Amino acid sequence: MNLKPRIIEIDEERCNGCGNCVADCAEGAIAIIDGKARVISDSFCDGLGACIGRCPTDALRIIQREAPPFDEAAALAQLATLKTDERKNGVAPSPHAAPSLHALTPQLGASPLRGTCPGTRPGSGPGWTPGAAPWPVKLRLVAPDAPFLHGADLLIAADCAAPVTPQFQELLGSKALLICCPKFEDTAATVDKLTAIFRQADLRSCTVLRMEVPCCGGLVRAVRTAHQASGTACRLEERVLSRGGVDMTA
């Protein structure tokens, strides 16, 4: 059975041209044209829905319809073209915002966010309580002002941490959770996202749960850099897991 691809649909009547979806689309599939958000090409849209998260008018939704499949190579070429256009226009490209935001909607200025998930829309969900399960947990998909982060004790865990130790839930306890793999993320974007979280979430504490492998040191460096840049007094802690899942800091 051939399933129709997931694709973004934009309600032109509801769209107010704010540009939040443009900033949150990592593929550069959306642009503001004639004051409205529009999908430049269906083949640039991966159907994830990251652009939906901060739409103030609920103008975006994911549908399934006949459309060309997502073409990652074409999307990357589009982003490269937009970055080139930015440089020609004298605008510094941002690693953490869709390049089309500057190139096509300069009146909006830069946005520090991209890749936020619909589940993190500010005010759309309950605040953090022990036993709650806020979504998503991937750092790159979470908005800094997500309600479950406010005033929380935060655990930032390496992606590999949960699969290697049966004690993960014990280590998590009642903390809010974010996960990240520094090896597969843009370092500057990670630091910027973390800095925004430290500034906006008023965290009580932040624990980094990393693996003993060298690449995981990048996660700790990113957290420390962001913490220093934010100027907050949030308490930091580092815990290290062996590749066998043993807590080496216990």
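Along each chain, the written sequence defines residue order, and numbers are assigned to residues from 1. In view of the model being predicted, local features appear only for residues whose pLDDT reaches at least 70, and side-chain atom pairs are presented and counted only at 80 or more, with totals across whole chains, interfaces and linings using the full set of residues. Where side-chain values are given, they derive from all heavy atoms of the structure, hydrogens and water being excluded.

- As recorded by an unreviewed UniProt entry, the chain carries the name 4Fe-4S binding domain-containing protein and is attributed to Desulfovibrio desulfuricans.

1. Some thoughts on the overall build of the chain
Alright, step 1. Broken down by element type, the chain carries seven helices and eight strands.
Alright, step 2. Any residue under 20% of the maximum accessible area for its type is buried, any over 50% is exposed, and the rest in between are partly exposed; the area is computed with a 1.4 Å probe on protein chains only. Counting across all 250 residues of the chain, residues that qualify as buried make up 47%.
Alright, step 3. The long-range share in the chain, meaning contacts at least 24 apart out of those at least 6 apart in sequence, stands at 66%.
Alright, step 4. When the accessible surface of the chain is totalled, it reaches about 12,500 Å², and 53% of it is carbon and sulfur. Note on conventions: DSSP H or I runs of at least 4 residues are helices, E runs of at least 2 residues are strands, and numbering of each starts at the N terminus. Residue contacts are defined here by distance: any two heavy atoms, one from each residue, within 4.5 Å place the two residues in contact. Accessible surface area values rest on a Shrake-Rupley calculation with a 1.4 Å probe, where residue burial reflects the displayed protein chains alone.

2. Regarding the pairing of strand β5 (residues 153–158)
Alright, step 1. Here β5 lies mainly inside the structure; five of its six residues are buried.
Alright, step 2. One bridge is not enough; two strands pair if DSSP finds at least two bridges between them. Examined bridge by bridge, β5 and strand β7 (residues 205–211) share five bridges and lie parallel to one another. Bridge pairing links Leu 154 to Cys 206 in β7.
Alright, step 3. Inspection of the sheet shows β5 paired to strand β6 (residues 176–180) by five bridges, in the parallel sense.

3. Some details on the sheet that holds β7
Alright, step 1. Across the sheet, which stays open at both edges, the four strands sit in the order β6-β5-β7-β8 with parallel pairing between neighbours. Single-partner strands in this sheet number two, and they are β6 and β8 (235–241). Across the sheet, the mean angle separating the axes of adjacent strands is 20° when strand polarity is ignored.
Alright, step 2. Axis definition: a line fitted to C-alpha atoms, limited for helices to the stretch in contact. Angles are taken between N-to-C directions and run from 0 to 180 degrees. The strands touched by helix α7 (residues 217–230) are β5, β6, β7 and β8; relative to β7, the strand with the most contacts, the crossing angle is about 160°.

4. Quick look at the pattern of salt bridges
Pairs can form between side chains of opposite charge whenever their charged atoms are close.
Alright, step 1. The term salt bridge refers to a pairing of a side-chain nitrogen on Lys or Arg with a carboxyl oxygen on Asp or Glu at a separation within 4 Å. Under the defined criterion, the tally for this structure stands at twelve salt bridges.
Alright, step 2. Of the charged contacts, one joins Glu 238 and Arg 210 as a salt bridge, the two residues approaching to 3.7 Å between their closest N and O atoms. Linking Glu 238 in strand β8 with Arg 210 in strand β7, this pair joins segments that are 28 residues apart in sequence.
Alright, step 3. Under the relative-accessibility criterion, Glu 238 is labelled partly exposed at 30%.
Alright, step 4. Via salt bridges that share partners, Arg 235, Glu 237, Arg 239 and Asp 247 belong to a single interconnected network.

5. What about the environment of Ile 156?
Alright, step 1. Relative to the helices and strands, Ile 156 resides in strand β5.
Alright, step 2. Judged by its relative accessible area of 0%, Ile 156 is buried.
Alright, step 3. Between the C-alpha atom of Ile 156 and that of Leu 172, which follows or precedes it by 16 residues, the distance is 9.5 Å.
Alright, step 4. In this structure Ile 156 touches Leu 178, Leu 194, Cys 206, Thr 207, Val 208, Leu 209, Leu 219 and Val 223, once residues within four positions along its chain are discounted.

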